[in-house]
Amino acid sequence: MNFRFLGTGRCLPQRVVPNDELAQYVDTNDEWIRRRVGISERRVCTTETTADLAIGAAKNALEQSGVRAEELDWIIAATTAGDCATPALACVVQAALGAHCPAFDINAACPAFIMLLETAAAFFARGNARRILVVSAERMSRVIDWRDRSTCVLFGDGAGAAVLGEGNGYLRSVVHVSGNDTILRLPHSHGNSPFYTVPPEEPYLHMNGQETFKFAVTSICRDVRELLDGAGLTADGIQHFVFHQANARILEYAREKLRLPREKCADGIERYGNTSSASVPIALDELNRAGALSPGDLIVLSAFGAGLSSAAALIQW
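Just so it is clear, the model here is predicted, and its values are computed rather than measured.

**Quick look at the side chain of Ser40**
Part 1 of the argument: If you trace the backbone, Ser40 turns up in the loop between helix 2 (30–37) and strand 3 (41–43).
Part 2 of the argument: Given a relative accessible area of 11%, Ser40 falls into the buried group.
Part 3 of the argument: Dropping the residues within four chain positions of it, Ser40 is found in contact with Pro18, Asn19, Asp30, Arg34 and Glu270.

**Structural notes on the pattern of salt bridges**
Part 1 of the argument: Taken as a whole and assessed by the stated rule, the structure comprises 18 salt bridges.
Part 2 of the argument: Notably, a salt bridge pairs Arg68 with Glu71, separated by 3.8 Å at the nearest N-O pair.
Part 3 of the argument: Asp285 serves as the salt-bridge partner of Arg289, at 2.7 Å between the closest nitrogen and oxygen. With Arg289 and Asp285 both in helix 10 (residues 279–289) and 4 residues apart, this pair spans about one turn of that helix.
Part 4 of the argument: One salt-bridge network, in which partners are shared between bridges, spans Arg10, Arg271, Asp285, Glu286 and Arg289.

**Some remarks on the pairing of strand 13 (residues 307–316)**
Part 1 of the argument: Judged by how many residues are buried, strand 13 sits mostly within the fold: 8 of 10 residues are covered.
Part 2 of the argument: Both strand 8 (residues 170–180) and strand 13 contribute to a ladder of 8 bridges, which runs antiparallel. Within strand 13, the residue paired with Val175 across the bridge is Ala311.
Part 3 of the argument: Relative to strand 13, strand 12 (residues 298–305) runs antiparallel, the two being bridged by 8 bridges. Directly across from Val300, in strand 13, lies its bridge partner Leu314.
Part 4 of the argument: The antiparallel hairpin formed by strand 12 and strand 13 contains 1 residue in its connecting segment.

**Some details on the nonpolar core**
Part 1 of the argument: In this structure, Phe5, Leu117, Ile132, Val134, Leu164, Val242 and Leu301 are the most contacted members of the largest nonpolar core, which totals 36 residues.
Part 2 of the argument: Those elements that place two or more of their residues in this core are strand 1 (2–11), strand 4 (74–78), helix 5 (112–126), strand 6 (131–139), strand 7 (157–167), helix 10, strand 12 and strand 13.
Part 3 of the argument: Counting residues per element, this core draws most heavily on helix 5, at 10 residues.
Part 4 of the argument: Discounting residues that sit within four places of it in the chain, Leu164 has contacts with Phe3, Arg4, Phe5, Leu6, Leu117, Ala120, Phe124, Arg130, Arg131, Ile132 and Val134.

**Examining the sheet that holds strand 13**
Part 1 of the argument: The mixed open sheet is built from 4 strands, whose spatial order is 8-13-12-11. Strand pairing shows two members of the sheet lacking a second neighbour, strand 8 and strand 11 (240–243), which therefore form its edges. Pairs of neighbouring strands in the sheet enclose a mean axial angle of 10 degrees, with direction left out of account.
Part 2 of the argument: Along the sheet, helix 5 contacts strand 8, strand 12 and strand 13; its crossing angle with strand 8, the most-contacted strand, is approximately 125 degrees.

**Thoughts on the packing of aromatic side chains**
Part 1 of the argument: Counted according to the given criterion, the structure contains 9 aromatic pairs.
Part 2 of the argument: Consider the rings of Phe5 and Trp317, whose centres lie 5.3 Å apart with planes at 25 degrees: the pair is stacked. Of this pair, Phe5 sits in strand 1 while Trp317 sits in the segment after strand 13, and the two are 312 residues apart along the sequence.
Part 3 of the argument: For Phe5, a relative accessible area of 10% puts it in the buried group.
Part 4 of the argument: Ring geometry for Phe213 versus Tyr253: centroids 5.3 Å apart, planes at 85 degrees, classification edge-to-face. Pair noted here: Phe213 is in helix 7 (residues 209–231) and Tyr253 is in helix 8 (residues 248–258), with a separation of 40 residues, a long-range link.
Part 5 of the argument: You can call Phe213 buried: its relative accessible area is 17%.
Part 6 of the argument: Following the ring pairs from residue to residue traces out a cluster consisting of Phe3, Phe5, Phe124, Tyr170 and Trp317.

**Digging into the packing of helix 7 against helix 8**
Part 1 of the argument: As a packed pair, helix 7 and helix 8 sit with axes 9 Å apart at the nearest point and diverge in direction by 40 degrees. Considered as vectors, helix 7 and helix 8 are oriented oblique to each other. Relative to helix 8, helix 7 is oriented so that their crossing is right-handed. Contacts between helix 7 and helix 8 involve Phe213, Ala216, Val217, Ile220, Cys221, Val224 and Arg225 from the first element and Arg249, Ile250, Tyr253, Ala254, Lys257 and Leu258 from the second.
Part 2 of the argument: Taken together, the residues that form the contact of helix 7 with helix 8 break down as 10 nonpolar, no polar and 3 charged.

**Quick word on helix 3 (residues 50–65)**
Part 1 of the argument: Compared with the 22 Å implied by 1.5 Å per residue over 16 residues, the 23 Å span of helix 3 between its first and last C-alpha is a close match.
Part 2 of the argument: Here the buried face of helix 3 lies against strand 1, helix 4 (89–97), strand 6, strand 7 and helix 10.
Part 3 of the argument: Looking one or two residues beyond helix 3, the residue adopting positive phi is Gly66, at roughly 80 degrees.

**Notes on the side chain of Asp297**
Part 1 of the argument: The topology assignment puts Asp297 in the loop between helix 10 and strand 12.
Part 2 of the argument: Despite being buried, Asp297 has no salt bridge partner; Lys264 is the closest side chain of opposite charge, sitting 9.9 Å away.
Part 3 of the argument: Looking at Asp297, its side chain comes within polar contact range of the main-chain nitrogen of Ser294, at 2.9 Å.
Part 4 of the argument: Once residues lying within four places of it in the same chain are set aside, the contact partners of Asp297 are Gln239, His240, Ala292, Ile315, Gln316 and Trp317.

Conventions we followed
Residues numbered from 1 in each chain as written. Predicted model: local features only at pLDDT ≥ 70, side-chain atom pairs only at ≥ 80, totals over all residues. Heavy atoms only, no water. Helix = DSSP H or I, 4+ residues; strand = E, 2+ residues; numbered from the N terminus. Buried < 20%, exposed > 50% of the residue type's maximum accessible area, 1.4 Å probe, protein only. Contact = heavy atoms within 4.5 Å. Salt bridge = Lys/Arg side-chain N within 4 Å of Asp/Glu carboxyl O. Pairing = 2+ DSSP bridges. Core = buried A, V, L, I, M, F, W, Y, C linked by side-chain atoms within 4.5 Å. Axes fitted to C-alpha atoms, helices over the stretch in contact; angles between N-to-C directions. Phe/Tyr/Trp six-rings, centres within 6.5 Å; stacked < 30°, edge-to-face > 60°. Parallel < 35°, antiparallel > 145°, perpendicular 65-115°, else oblique. Left-handed = near helix turned anticlockwise from the far one by under 90°. Nonpolar A, V, L, I, M, F, W, Y, C, P; charged D, E, K, R; others polar. Expected span 1.5 Å × (residues − 1). Lys, Arg positive; Asp, Glu negative; His and termini not counted. Polar contact = N/O pair within 3.5 Å; in protein donor to acceptor, adjacent residues only side chain to side chain.

As structure tokens, then:
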């Protein structure tokens, strides 16, 4: 026994920032951004916190699932851009929902939503959970350098969530980590200890774009092939592919290498940008609420990011 999806939800900031508006802050324009990364706009927090987004997505998932907050056995959250180091985002969500269950966070960057599912599967396998809420929320606008056009044009804010219940919908997963803190890195604030003598590093996302691109395409193709081979399936037997929405060119290269039809692949990068760990559940919720998912559909989720880490999962709707 593992789990099945009972409901999904998403929450996005109200503020829409189109590409041309970014020209006020960095040397860029709409044509340059669309051509290089396939993004036309993104959502950016103005008054919303990471917790606000997480709570909104969680409430939407609970409403669709028909599960009450007090019925939850666990809340597991993921973020790399939380409002504070402690308390955990999951604890803030628990209090806001009026739940009484244990709650904790994981930090796994962009593949974190799949890591949440993998963690939840362990609780279901032990037989001590019937209802679990998983939520990924990211306020990337807080941790990117708005002077750096190579990164600030890529990211957006948002949250996605799912309520999981007992079932057999989580079929298979693969996870890979190759420790590397040079290609993708988000340092903490340097602090003000009078005893620490290491020169400070700016607390913004640092990314080697070329190396990230190569890692991303390689990871998606390897993970999807490994996942399908292990399940004895081919891409023809999969109804939907939900990839981490990092960069339209990455997605295009991966689709071509895997020979996937575009209509099978979720695509939200143009409207939301890269929302890190929230991108997979946001895309999944969009498919769900659009009525695109039917009972029995096979869905591949795949994501990659800092770590360097990647993960993929095969689920049945």
